[in-house]
Amino acid sequence: MAPLVHTWMHQNVSPDLWAKEPILLVISPLLALMQDQVKKLTSVGLKEAYVGAEQEPETLRDIEEGKYSFVFISPESTLSTERWRNVLLSDNYQRDVIGLAVNEVHCIAEWGTSTNNKNRSSFRACYSRLNENRSLLEVPFTALTATATVKTKEQIYEILEFGSLKEIVESPNKFNVGYSVPKLENSLSIVENLLSKNKTMFAYIQNV
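Everything numeric here is computed off the predicted structure, so don't read it as measured data.

Trainee: Quick rundown of the nonpolar core? Include the residues and the values.
Mentor: Counting 32 residues, the largest nonpolar core has Ile63, Val71, Tyr93, Leu100, Leu130, Leu137 and Leu160 as the members making the most contacts within it. Setting aside its immediate chain neighbours within four residues, leucine 130 contacts Ile27, Pro75, Leu79, Val102, Ile108, Phe141 and Leu160. Within the second largest apolar cluster, 6 residues are counted, among which are Val26, Met34, Leu41 and Tyr50.

If you want it as C-alpha cells, here you go:
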C-alpha cells in the first residue's frame, strides 16, 4: 500500500515541495504502534519521530522545528493540545507539510462515535473531529485501514470530509497464512504432529 500512496503523493503534490524538506504527518492511535513504525523507518534510513509523553525533550523540539520527514502524532495532540496545534500553524509546517495520513482510520467509527448507544460517550471523541485538521493544514488527506466495512468507509468519508477521492483497494489476504478449524479426536497427538511439520503455527484449542 505504501508505494501506491507514495506514487499518488508524487503525482498530486507540487514538485517544489518535494525539492525542499517535506513533512508527512501521520495520525496514529497507539503509542506502541508509533514506536514500532518509527523503528522500522529508522532502519531504512528515514528521518522520523513520534510525539508522546515518553519522547525526549530535544526530539520534541526538533519536531517543532520541522527536522523530521515523518511525524507520528495522536488525534488528541493535533486537536486538544495547544502546543501541537500551534506547531501545525507554524511557518515551518504551513510551508513544508505535504500531506496528512490517518493510520488505522477505522478507529473513527470504533472509537470516535457511539452509534450503537447515543447516550454513551465516545471512547476517543477526537477521532470524530479529525476533519478539523483541514482548517489547520490545507494538504491532501490519506486514510489507511485493512479492516473497514462498507458502512465504516461511509463514516470515514463523511467525517474526514472526503468529497472527490481516489480509493486504492488491495486484498488483505496473506498467501503464506492458512486457517483451518478441524474437529479432532485424540487432539494432543494431532497437534504434536502439526507442530512437527510447521515452523510457525498458532493453535487455539478448547481442551487437550
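Read on for the rest.
Trainee: Hey, could you go over the pairing of strand 1 (residues 23-27) for me, with residue numbers and the actual values?
Mentor: Along a regular strand, successive side chains alternate from one face of the sheet to the other. Within strand 1, 4 of the 5 residues are buried, leaving the element largely enclosed by the surrounding structure. By the bridge criterion, 4 bridges tie strand 1 to strand 3 (residues 70-73) in an arrangement that is parallel. Residue pairing for strand 3: valine 26 is matched across the bridge by phenylalanine 72.

Trainee: Explain helix 3 (residues 31-43) to me, and be specific about the residues and the numbers.
Mentor: Along its 13 residues, helix 3 runs 18 Å from first to last C-alpha, staying within 8% of the 18 Å computed at 1.5 Å per residue. Three or more residues of helix 3 are buried, namely Met34, Val38 and Leu41. The buried residues of helix 3 all sit within an arc of 70° when viewed along its axis, so they share a single face. Among the exposed residues of helix 3, those pointing more than 90 degrees away from its buried face are Ala32, Lys39, Lys40 and Ser43. Check the buried side of helix 3 and you find it contacts strand 2 (48-50) and strand 3.

Trainee: I'd like a rundown of the sheet that holds strand 3, residues and numbers included.
Mentor: Strands sit in the order 2-3-1-4-5 across an open sheet of 5 strands; the sheet is parallel. Sheet topology places strand 2 and strand 5 (141-143) at the edges, where each strand pairs with a single neighbour. Strand-to-strand twist of the sheet, defined as the mean angle between neighbouring strand axes without regard to direction, takes the value 20°. As paired elements, strand 4 (residues 97-102) and strand 5 share 3 bridges and run parallel to each other. Bridge pairing in strand 5 places valine 102 opposite alanine 143. Where helix 3 meets the sheet, it contacts strand 2 and strand 3, and its direction lies at approximately 165° from that of strand 2.

Trainee: Give me the lowdown on unusual backbone geometry, citing residues and values where you can.
Mentor: With phi around 50°, glutamate 104 is a residue other than glycine that occupies positive phi space. One can find glutamate 104 in the loop between strand 4 and helix 8 (107-111). Within the chain, glutamate 161 stands out as a residue other than glycine whose phi angle is a positive 60°. According to the relative accessible area criterion, glutamate 161 is partly exposed, its value standing at 45%.

Trainee: Outline the pattern of salt bridges, supporting the account with residue identities and numerical values.
Mentor: A full pass over the atoms with the stated rule returns 8 salt bridges. Look at the salt bridges and you will find they share partners, linking Asp62, Glu65 and Lys67 into a network.

Trainee: Report on the side chain of histidine 106, specifying residues and quantitative values.
Mentor: By the secondary structure assignment, histidine 106 is in the loop between strand 4 and helix 8. There is a polar contact of 3.1 Å between the side chain of histidine 106 and the side chain of threonine 147. If near-sequence neighbours (up to four positions away) are discounted, histidine 106 is found in contact with Thr145, Thr147, Thr152 and Ile156.

What counts, and where the lines are drawn
- Residues numbered from 1 in each chain as written.
- Predicted model: local features only at pLDDT ≥ 70, side-chain atom pairs only at ≥ 80, totals over all residues.
- Heavy atoms only, no water.
- Core = buried A, V, L, I, M, F, W, Y, C linked by side-chain atoms within 4.5 Å.
- Buried < 20%, exposed > 50% of the residue type's maximum accessible area, 1.4 Å probe, protein only.
- Contact = heavy atoms within 4.5 Å.
- Helix = DSSP H or I, 4+ residues; strand = E, 2+ residues; numbered from the N terminus.
- Pairing = 2+ DSSP bridges.
- Expected span 1.5 Å × (residues − 1).
- Arc of directions from axis to C-beta.
- Axes fitted to C-alpha atoms, helices over the stretch in contact; angles between N-to-C directions.
- Salt bridge = Lys/Arg side-chain N within 4 Å of Asp/Glu carboxyl O.
- Polar contact = N/O pair within 3.5 Å; in protein donor to acceptor, adjacent residues only side chain to side chain.

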